[in-house]
Amino acid sequence: MSSEDRGSGRVVVLVMPEVNLLDLGGPVQAFDAAAQRGAGYRLELVAAEPGEVSSAQGLRLAGLGPLPGVAAGDLVLIPGPRLRPPGPVVATAVTAWVRDAVRAGARVASVCTGAAVLGEAGLLDGRRCTTHWSLVDLMRVRYPAARVRDAVLFVHDGPVSTSAGIASGIDLALSLIERDHGPALTAAVARDLVVYLRRDGSQRQVSPFLEHRGHLHPGVHRVQDHLAQHLDEPHTLAGLARVANLSPRGLSRAFTAAAGCTPLEYQQRLRLELAAGLLAETTLTVESVAARCGFRDARHFRRLYSNRYGMPPSASRAA
C-alpha cells in the first residue's frame, strides 16, 4: 500500500471513565506489537479530564494526557466504557472532540460500548456499525439513523470503524493494521498475540498467513517467513532450500511433513490471499494486482484465483 493509505501512524486512545480493561488493553497491545515489528505506530493515551481514570474493574490508570489536536491520517481509538443509563452517556466535550477529529480527516474506531461515543457525536448516522450484542437493540432505538448490524465482529464504513464486544477489539485492531501494512505483518502480529486472524467481521476462517504454522520445524518456519516477506519475487526450490539450510529434497520432505503442502502450494495461497485483500481495498487493475502478488501471467492468476475462491477476480471485487 502507499504511504497515503497507511495514515500517519499516530493512534490516539481515548480512555473514558470506567473503561473496560480488555477493550483498552487488547487493541493497544496489538498496535504496540505491530510497532515492535516496524509498523511505526505511536500510541497516545488521553482523557477528557487528564491525569487519572478508574477502569470498570477498579484499576486506576494514571498519566493520561489531555484531548489533543488530531490531524488527517491519525486514528482515534475509543475503548468501551461501562455505560450506566439513563444518565449522560458521553460528555459534550468528548463528542465535540471526536466530531472535530473526523472533520480534520482522522479515522475513528470504537470497541464494544465505545460505539455510543460515535453515536452521540452523530457519526453513525447513515453508516453501518456494530456494538456489543447486549446493546444492539438499544443502539437501534437511540440512533435510528445508524445501520446497526449484529452477528459480526467489526464493521468499516468510511473513516468510521466499530467492533462488537470485548475481545473483538483485537480483531478490529488487526483489521486496521492489515489495512495499513498488509496481511504478512498483520499475521505476524496475530502470531505474537496467539490469536486467530479473521479477515473480516463475519468470516471465521484463519488467514493462509497463519495456516500451516502449528509445527516446530525451524527451517520450514524460515522458508514460510521468507515467502511471506517476498511474495512478488520468483523463488526456486534450491533458493528456498538455502534459506532453510537443507537440501532441496530435504526441504520438500520437511515442508510437506510440517505444513501439509508443498512450498509452491503455500506460496500460491499467500499470493492469492494478498490478491484478495488488494482487490477489496484498492482500485488497482486485475493485471496490477497480479503483478503486485508475483504472478507474471494475469491469465494464470485469474485461473488460480477462480479455482480457490469460486469466482474470477473481477467478480470478487464486485461482491
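This section reports on the structure supplied with the text. (Residues numbered from 1 in each chain as written. Predicted model: local features only at pLDDT ≥ 70, side-chain atom pairs only at ≥ 80, totals over all residues. Heavy atoms only, no water.)

## Let's talk about the overall build of the chain
- When you go through the chain residue by residue, the secondary structure sums to 13 helices and 10 strands.
- Expected size for 319 residues packed as a compact globule is a radius of gyration near 20 Å; at 21 Å, the chain falls within 12% of this value.
- Counting over 319 residues, the chain shows a buried share of 49%.
- Relative to all contacts within the chain whose residues are 6 or more apart in sequence, the contacts with residues 24 or more apart total 62%.
- Between the mean site of the 35 positive side-chain charges and the mean site of the 29 negative ones, the chain shows a separation of 6 Å. (Helix = DSSP H or I, 4+ residues; strand = E, 2+ residues; numbered from the N terminus. Rg over C-alpha atoms; globule rule 2.2 N^0.38 Å. Buried < 20%, exposed > 50% of the residue type's maximum accessible area, 1.4 Å probe, protein only. Contact = heavy atoms within 4.5 Å. Lys, Arg positive; Asp, Glu negative; His and termini not counted. Charge placed at Lys NZ, Arg CZ, Asp CG, Glu CD.)

## A closer look at helix α6 (residues 168–193)
- If you check α6, its first and last C-alpha atoms are just 13 Å apart, much less than what 26 residues at 1.5 Å a residue would give, namely 38 Å.
- The axis of α6 is deflected most strongly, by about 130 degrees, at Gly 182, and proline Pro 183 appears within four residues downstream.
- Counting buried residues in α6 gives 20 out of 26 residues, a clear majority hidden from the surface.
- Note on α6: the residue one or two positions beyond its end, Val 194, has a positive phi of about 55 degrees. (Expected span 1.5 Å × (residues − 1). Bend = angle between axes of the 7 residues up to and from the residue.)

## A word on the pattern of salt bridges
- Within this structure, the stated rule accounts for 13 salt bridges.
- Note that Glu 52 and Arg 60 form a salt bridge whose closest N and O atoms lie 3.0 Å from each other.
- Close ionic contact of Asp 150 with Arg 140 constitutes a salt bridge, the shortest N to O distance being 3.9 Å. Of this pair, Asp 150 sits in the loop between β8 (147–148) and β9 (154–157) while Arg 140 sits in helix α5 (residues 136–142); the two residues are 10 residues apart in sequence, bridging distant segments of the chain.
- A residue is classified by how much of its surface remains accessible, and Asp 150, at 43% relative accessible area, is partly exposed. (Salt bridge = Lys/Arg side-chain N within 4 Å of Asp/Glu carboxyl O.)

## Comments concerning the packing of aromatic side chains
- Under the counting rule described, the total for this entry stands at 5 aromatic pairs.
- Look at Phe 295 and Phe 301: their rings are 5.2 Å apart centre to centre, the planes differ by 40 degrees, and that puts the pair in the tilted class.
- When its relative accessible area of 6% is taken as the criterion, Phe 295 is described as buried.
- Of the residues examined, Phe 301 reaches a relative accessible area of 0% and is grouped as buried.
- When the ring of Tyr 305 is compared with that of Tyr 309, the centres are 4.6 Å apart and the planes differ by 45 degrees; the resulting orientation is tilted. Of this pair, Tyr 305 and Tyr 309 both sit in helix α12 (residues 298–309), separated by 4 residues, roughly a single helical turn.
- Ring pairs connect the aromatic residues Phe 295, Phe 301, Tyr 305 and Tyr 309, which therefore count as one cluster. (Phe/Tyr/Trp six-rings, centres within 6.5 Å; stacked < 30°, edge-to-face > 60°.)

## So, the pairing of strand β5 (residues 75–78)
- Residues Leu 75 and Leu 77 of β5 are buried on one face, and the alternating residues Val 76 and Ile 78, pointing to the opposite face, are buried as well.
- Of the strand pairs in this sheet, strand β1 (residues 10–14) and β5 are connected by 3 bridges, and their pairing is parallel. Bridging from a neighbouring strand, Val 12 pairs with Val 76 of β5.
- Note that β5 and strand β6 (residues 107–110) share 4 bridges and pair parallel. Bridged to Val 76 within β6 is Val 108. (Pairing = 2+ DSSP bridges.)

## Focus on unusual backbone geometry
- One non-glycine residue, Glu 18, lies in the positive phi region at around 60 degrees.
- Of note, Glu 18 is situated in the loop between β1 and α2 (21–36).
- Positive phi, close to 55 degrees, is recorded for Cys 112, a residue that is not glycine.
- The residue Cys 112 is located in the loop between β6 and α4 (115–120) in this model.
- The buried category is assigned to Cys 112, whose relative accessible area is 2%.

## Quick look at the environment of Gly 214
- With respect to the helices and strands, Gly 214 occurs in the loop between α6 and α7 (218–229).
- Taking the relative accessible area as the measure of exposure, Gly 214 reaches 86% and is therefore exposed.
- For Gly 214 and Ala 259, which are 45 residues apart along the polypeptide, the C-alpha to C-alpha distance reads 7.9 Å.

## Observations regarding the sheet that holds strand β10 (residues 160–163)
- Read across the open sheet, the 6 strands follow the order β2-β1-β5-β6-β10-β9; overall the sheet is mixed. What marks the edges here is a single partner per strand, and that holds for β2 (42–46) and β9. Adjacent strand axes in the sheet meet at a mean angle of 15 degrees when their direction is disregarded.
- In this structure, β9 lies alongside β10, joined through 4 bridges in antiparallel fashion. (Axes fitted to C-alpha atoms, helices over the stretch in contact; angles between N-to-C directions.)

## As for the environment of Gly 239
- Along the chain, Gly 239 turns up in helix α8 (residues 237–244).
- In this structure Gly 239 comes out as buried when scored by relative accessible area, which is 18%.

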